[in-house]
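# A closer look at the structure
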Amino acid sequence: MTGHRPPGFIVCRKYLPVLLLLAIGLITKAQEIQLTVIGNVTGVPSEMKSSELISVLKGEKQRWSDGTKVNIYIMKTTTPVGQNTCKKIYNWSGDKVKRYWLELSFSGKADAPTFCNTIEELEFNVSQNPGAIGIVNRSSASAGVKTILIDGKNPF
Amino acid sequence: MIKKRKIIIFFATFLSCVCFSFKSFSQKTQIRGFMDLSTSLEDNKVSFGFGEQDLFITSELSDRFSFLGESVFKFTPSTPTTFSVSIERVIVKYNFAGNHNLLIGKHHTPINYWNDTYHHGRVFFPTIFRPLMFEYDIIPLHTTGVSLQGQNLGEAKFGYDLMIGNGLGSQDVLDNDKRKSVTAAVHIKPAEGLRIGFSWYNDVMSAGSKTHEGKLINWDVRQNLFSPSIAYFGDKVEVLAESTIGTNHTDTTGTKQTFTGYIYAGYKIKERIVPYVRFDRLHFQEGEILFDKNNTTSIVGGIRYNINYLTVVKLEYQYEQTELEGDTNKLTFQIAIGF
């Protein structure tokens, strides 16, 4: 019966797995979200290197250069922005990020970040707390919030 | 009179700093718990049990002040109810500059990586049981006192702890003598997942005081503990090697040395599955007066499965050879959780 099928059909069937993989790849690529770093107008610098950002988001810096306390706000690891934050910034899974923070706060070495449910909640928290830094997927127009350039780029 | 005025000025400045740091601050408090359940097979007998239930509280009191408390509910056969509550940590932290802090309260003595990182949180332990140096109380697990702490300083992420506290034989609320214990610890984190540290602990245990296990000591014992440590927890490989070389000196027995150390190695065969091994060694010099001389070797082999970041199961085999009790073999299954 196969012999009666048009050649185009056979070619399609032969390359079907490759096409499927390409489609999955495209879908996965589409799920990658551009991230934007925002900060409170007090304390947080307007520009940072990516290595500095990672260090801050790993709780290695307790105060900004003007003495304001560093407060970290990230989206819950179950949200698309939270998943992308874990992958792009920490280079870890969501579970590993949560475990890292649990271990760190349990040892008394750092205060755990606040995990937010919505972008609006995160932006509000950043706008209300001096020294607050957060990761979102858009520029913020909220009062008291500024966008931080990472390696001269935004979003990154 | 001038001295008095200086004291008043100092306290006035301190209080104004405290008040200023409390200004317009919303308190953030977190309560967490940890516990574990286990099943073991030893001497052809299966036993079920559970470990400590750990209540852990952190609270940001102000921009610069924070609190950490850890209380444990545990099985204690010597009490009427066979259970007891103990306060494992009570720390008020004051962040006075950058990554430098002043801490006061009951701490985990920052003597090595394990004690500083895991302690009662079984869900974090890479193995089911603690290394021998903990089980046999070679190192002082807790110190009540005051400490200076710095973290992640410079390119090498240098860290330090300098602690002065109630010494050996004292209580959490009262020292038994005028002498204070001193702990000085330094570490660097030169690469992702790597931490290299060294600490020194010094104290004098006064004649007439009792050890943690209730053993009466009839002579002044001057103790020094030197503890090097290396920890690497990478994406695939995990290595943790720590040792303590202790010297206990009395005028009658002279100086006796104790060595304790362990090496742990694990390899992630999948993201959540880690087979591991650990080798422990405890060696006491003849004539040791403070510790109970019981040279011990232990080999542990097991597998850890991280169901998620709050639930970990482990299956572990332990062979232990002790000078006093001979050989033991034990197979243990544990589920450790955080909540």
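Residues numbered from 1 in each chain as written. Chains lettered and ligands numbered in written order. Predicted model: local features only at pLDDT ≥ 70, side-chain atom pairs only at ≥ 80, totals over all residues.

Across its full length, chain A carries six helices and six strands. In sequence order, the secondary structure elements of chain A are arranged as α-α-β-β-α-β-α-α-β-α-β-β. Sorting the 156 residues of chain A into buried and exposed places 32% on the buried side. Look at the contacts in chain A between residues 6 or more apart in sequence, and 65% of them connect residues 24 or more apart. (Helix = DSSP H or I, 4+ residues; strand = E, 2+ residues; numbered from the N terminus. Buried ≥ 20, exposed ≤ 12 C-beta atoms within 10 Å, placed from the backbone. Contact = placed C-beta atoms within 7 Å.)

Looking only at helices and strands, chain B features three helices and 17 strands. For chain B, whose C-alpha radius of gyration is 22 Å, the value lies close to the compact-globule estimate of 20 Å for 339 residues. The C-alpha extent of chain B, read off along each of the three principal axes, is 75 × 55 × 50 Å. For chain B, buried positions account for 33% of its 339 residues. Considering only residue pairs separated by 6 or more positions, chain B has 51% of its internal contacts joining residues 24 or more positions apart. (Rg over C-alpha atoms; globule rule 2.2 N^0.38 Å.)

With that settled, the discussion passes to unusual backbone geometry. The peptide bond linking Asn154 of chain A to Pro155 of chain A adopts the cis configuration, its omega dihedral lying at 0°. Looking at the element boundaries, Pro155 of chain A is found in the segment after β6 (145-150). A positive phi angle, close to 65°, is found at Thr82 of chain B, a residue other than glycine. Phi at Asp137 of chain B is positive, roughly 55°, even though this residue is not glycine. Residue placement: Asp137 of chain B occurs in the loop between α3 (132-135) and β7 (142-153). Classification of Asp137 of chain B as partly exposed rests on a count of 13 C-beta atoms within 10 Å.

Here we take up the interface of chain A and chain B. Listed per partner, the contact involves 18 residues of chain A and 22 residues of chain B. A breakdown of the residues in the side of chain A that touches chain B according to their chemical character gives three nonpolar, five polar and ten charged. (Nonpolar A, V, L, I, M, F, W, Y, C, P; charged D, E, K, R; others polar.)

Residues Ile111, Leu132, Met133, Tyr136, Ile138 and Ile139 of chain B are the most contacted members of the largest nonpolar core, which totals 24 residues. With four residues, the single largest contributor to this core is strand β14 (residues 273-284) of chain B. If we ignore the near neighbours within four places in the chain, the residues touching Ile111 of chain B are Ile139, Thr183, Ala185, Ser199, Tyr201, Leu225 and Ser227 of chain B. Counting residues in hydrophobic clusters, the runner-up holds 23 residues, among them Ile38, Ile72, Ile74 and Cys116 of chain A. (Core = buried A, V, L, I, M, F, W, Y, C linked by C-beta atoms within 7 Å.)

Summarising the element assignment, Arg179 of chain B is placed in the loop between β8 (158-166) and β9 (180-188). Sequence separation of Arg179 of chain B and Ser206 of chain B is 27 residues, and the distance between their C-alpha atoms is 8.7 Å.

To continue, consider the sheet that holds strand β4 (residues 114-116) of chain A. Residues and elements named next belong to chain A. One open sheet holds the six strands; their spatial order is β2-β6-β1-β5-β3-β4, and the pairing between them is mixed. The sheet is open, and its two edges are formed by β2 (47-48) and β4, each paired on a single side. Pairing between strand β3 (residues 71-75) and strand β5 (residues 132-136): three bridges, direction parallel. The residue bridging Tyr73 from the neighbouring strand is Gly134, located in β5. Together, β1 (36-40), β3, β4, β5 and β6 form the strand contacts of helix α6 (residues 119-128), whose direction differs from that of β5 by roughly 160°. (Pairing = 2+ DSSP bridges. Axes fitted to C-alpha atoms, helices over the stretch in contact; angles between N-to-C directions.)

This next bit is on helix α5 (residues 94-106) of chain A. Along its 13 residues, α5 of chain A runs 18 Å from first to last C-alpha, staying within 8% of the 18 Å computed at 1.5 Å per residue. If you check which residues of α5 of chain A are buried, you get Val97, Lys98, Arg99, Trp101, Leu102 and Phe106 of chain A. For α5 of chain A, the secondary structure elements touched by its buried residues are α4 (80-90) of chain A together with β3 (53-60) and β17 (326-338) of chain B. (Expected span 1.5 Å × (residues − 1).)

Our next topic: the pairing of strand β15 (residues 296-308) of chain B. Residues and elements named next belong to chain B. Taken together, the ten bridges between β14 and β15 define a ladder with antiparallel strand orientation. Bridge assignment links Phe279 to a residue of β15, and that residue is Ile299. Bridging between β15 and strand β16 (residues 311-322) involves twelve bridges; their strand directions are antiparallel. Looking at β16, one finds that Ser298 is bridged to Glu320. The loop that links β15 with its antiparallel partner β16 comprises two residues.

Attention now goes to the environment of Glu323 of chain B. All names here are of chain B. Relative to the helices and strands, Glu323 resides in the loop between β16 and β17. Considering only alpha carbons, one finds Glu323 and Thr297, 26 residues apart in sequence, at a separation of 9.1 Å. Discounting chain neighbours no more than four positions away, the residues touching Glu323 are Asn294, Asn295 and Thr296.

All names here are of chain A. Strand direction decides the pairing type here: β1 and β6, joined by four bridges, are antiparallel. Looking across to β6, one finds that Ile38 is bridged to Thr147. Sheet topology places β2 next to β6; two bridges connect them, and they run parallel. Along β6, the bridge assignment pairs Glu47 with Leu149.

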